[in-house]
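# A structural walkthrough
Residues per chain, in single letters:
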Amino acid sequence: MRHGNFCDSAVRSNLPRQYTATLGWISARSYSTGNPVHTRRSTRNGLLDAAKAAATAAQVDLSKFDGVVACGFGGTELCGWVGGMAALCDANSLQPSLLGQEMGHGYGLDHARLQGSTADYMDPWDVMSTAAWPDRQASSADYVSIGPGLNAACMRSRGWLDETRVWSGPYAGYDTVVTLRPLHHRHLHGYLAAEVGPYLVELRVRERWDASACGGAGPPLRRQPQLPDARIQRFRGPW
Ligand SMILES: [Zn+2]
C-alpha cells in the first residue's frame, strides 16, 4: 500500500515517513489464534511482538521507523493500536480501505462516531468507518480497494486540518455565500471546510481516494452531520 500516497492525497503532506520501507516475508513464531487460553487481545499483541522480533532478528532496526504494519500470510488478523503506531493485516485486508483505518488508529484516531454516541463506524465518508460502508469504497487496479479519505473532524483532531483554510462567520450571524474546495484538494487555493456553529462542513467529490465516497446518488456535498438552521445560503464550486 502506498502509505505516502494516501497521506499526500487524503491526509496531509508532512506526516513522518522518511523511513518508510516495505520488508519482505519473514517467519515468525506466534500465538495460535485458535488457542482458547489466549484472548484476542493477547493474540494480537503476540502476533505483533512476534513480527517485530522476527524483523529485529533479520537485522531490521525498527527504531528508525515511526510505526510497524505486519501483514500475515493468508488470513490472520486485522487491527490497529490506537496511538500505538502499529497495525496488523493479512491477505484479506491488505488494501487502503481497511488498512488505512488501522493505520489511522496508530496515529491516535478511534472509529468515527456521532456526537454524544459511542457507537462505532458511523461516518460513511470517513476511512475510520470502513468496512461498515463497503459501498463507499472504490475498487482499484493498483490497491484492490480504496477510500474514503478522512473527514475534516478527524483531520482536525490530529492537527492535520489547515485551520487557516477553515471558513467561519462572525459570531453575530451571517448571510453569505461560501466557496469551498474539495477537502482533499489542498493544492487549490481557498477554503477547505466551513465552521457553522458546532459543525464542520466539507465538500467531497467522487475522485481519487473518494471515488465512491459519496455513494451513487446525491450532490457531491456533505454536511457533517447536519447543517443547523444557519444562514449560509449555499456552497458552490468550482473545483
Ligand atoms: Zn478499527
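Residues numbered from 1 in each chain as written. Predicted model: local features only at pLDDT ≥ 70, side-chain atom pairs only at ≥ 80, totals over all residues.

### A short note on the overall build of the protein
In terms of helices and strands, the protein carries four helices and 11 strands. A buried classification covers 33% of the 239 residues belonging to the protein. (Helix = DSSP H or I, 4+ residues; strand = E, 2+ residues; numbered from the N terminus. Buried ≥ 20, exposed ≤ 12 C-beta atoms within 10 Å, placed from the backbone.)

### Points about the nonpolar core
One finds Ala152, Cys154, Ala193 and Ala194 to be the most contacted residues of the largest nonpolar core, which totals 21 residues. For this core, the secondary structure elements donating two or more residues are helix H4 (152–157), strand E8 (193–196) and strand E9 (199–202). A per-element tally of this core places H4 first, with four residues. Split by domain, this core shows at least three residues from each of two domains, domain 1 (3–151) and domain 2 (155–236). Ignoring sequence-local partners within four residues, the contact set of Cys154 consists of Leu109, Ala112, Asp126 and Met128. Core analysis: the next-biggest nonpolar cluster, separate from the first, contains 13 residues, Ala51, Val69, Ala70 and Cys89 among them. (Core = buried A, V, L, I, M, F, W, Y, C linked by C-beta atoms within 7 Å. Domains from an automatic or database assignment. Contact = placed C-beta atoms within 7 Å.)

### Here's the deal with the environment of Ala55
Tracing the sequence through the fold places Ala55 in helix H2 (residues 40–57). In the structure, Ala55 is positioned 28 residues away from Ser27 in sequence and 8.9 Å away in space, judged by C-alpha atoms. When residues no more than four places from it in sequence are discounted, the contact partners of Ala55 are Leu23, Ile26, Val60 and Leu62.

### Description of the sheet that holds strand E1 (residues 68–71)
The strand order across the open sheet formed by three strands is E1-E3-E2, and the pairing between neighbours is mixed. Lying at the two open borders of the sheet, with one neighbouring strand each, are E1 and strand E2 (79–80). For E1 and strand E3 (residues 86–89), the ladder comprises four bridges, and the chain directions are parallel. Each residue of the ladder has a partner; that of Cys71, found in E3, is Cys89. Against the sheet, helix H3 (residues 96–106) touches E1, E2 and E3, its axis set at about 155° to E3. (Pairing = 2+ DSSP bridges. Axes fitted to C-alpha atoms, helices over the stretch in contact; angles between N-to-C directions.)

### Details of unusual backbone geometry
In the segment running from Thr130 into Ala131, the intervening peptide bond is cis, with an omega of 10°. Position of Ala131 among the secondary structure elements: in the loop between H3 and strand E4 (138–140).

### Digging into H2
In this model H2 runs 25 Å from its N-terminal to its C-terminal C-alpha over 18 residues, within 8% of the 26 Å that 1.5 Å per residue would give. If you check which residues of H2 are buried, you get Thr43, Arg44, Leu47, Leu48 and Ala51. The arc enclosing the buried residues of H2, seen along the axis, measures out at 130°, which places them on a common side. Exposed positions of H2 whose direction lies more than 90 degrees from the buried face are Arg41, Thr56 and Ala57. Elements that come into contact with the buried residues of H2 comprise E1, E2 and E3. Trailing H2 by a residue or two, Gln59 shows a phi angle of about 70°, which is positive. (Expected span 1.5 Å × (residues − 1). Arc of directions from axis to C-beta.)

### Observations regarding H3
Each α-helix winds once per 3.6 residues, and so residues spaced three or four apart point in a common direction. Most of H3 sits out of view: 10 of its 11 residues are buried. Every buried residue of H3 is listed here: Pro96, Ser97, Leu98, Leu99, Gly100, Gln101, Glu102, Met103, Gly104 and His105.

### A short note on the pairing of E9
By the bridge criterion, four bridges tie E8 to E9 in an arrangement that is antiparallel. Bridge pairing in E9 places Val196 opposite Tyr199. Joining the antiparallel neighbours E8 and E9 is a turn of two residues, in which Gly197 adopts a positive phi near 60°.

### Details of the confidence of the model for the protein
The pLDDT averaged across the protein works out to 78; a share of 75% of its residues lies at or above 70. This stretch, residues 216–239, has a pLDDT under 50; its non-local contacts, to residues over four places away or in other chains, come to 48 contacts. (pLDDT = per-residue confidence, 0-100.)

### Topic: the environment of Ser139
In this structure, Ser139 sits in strand E4. Measuring from C-alpha to C-alpha, the distance between Ser139 and Gln95 comes to 9.9 Å, with 44 residues separating the pair along the chain.

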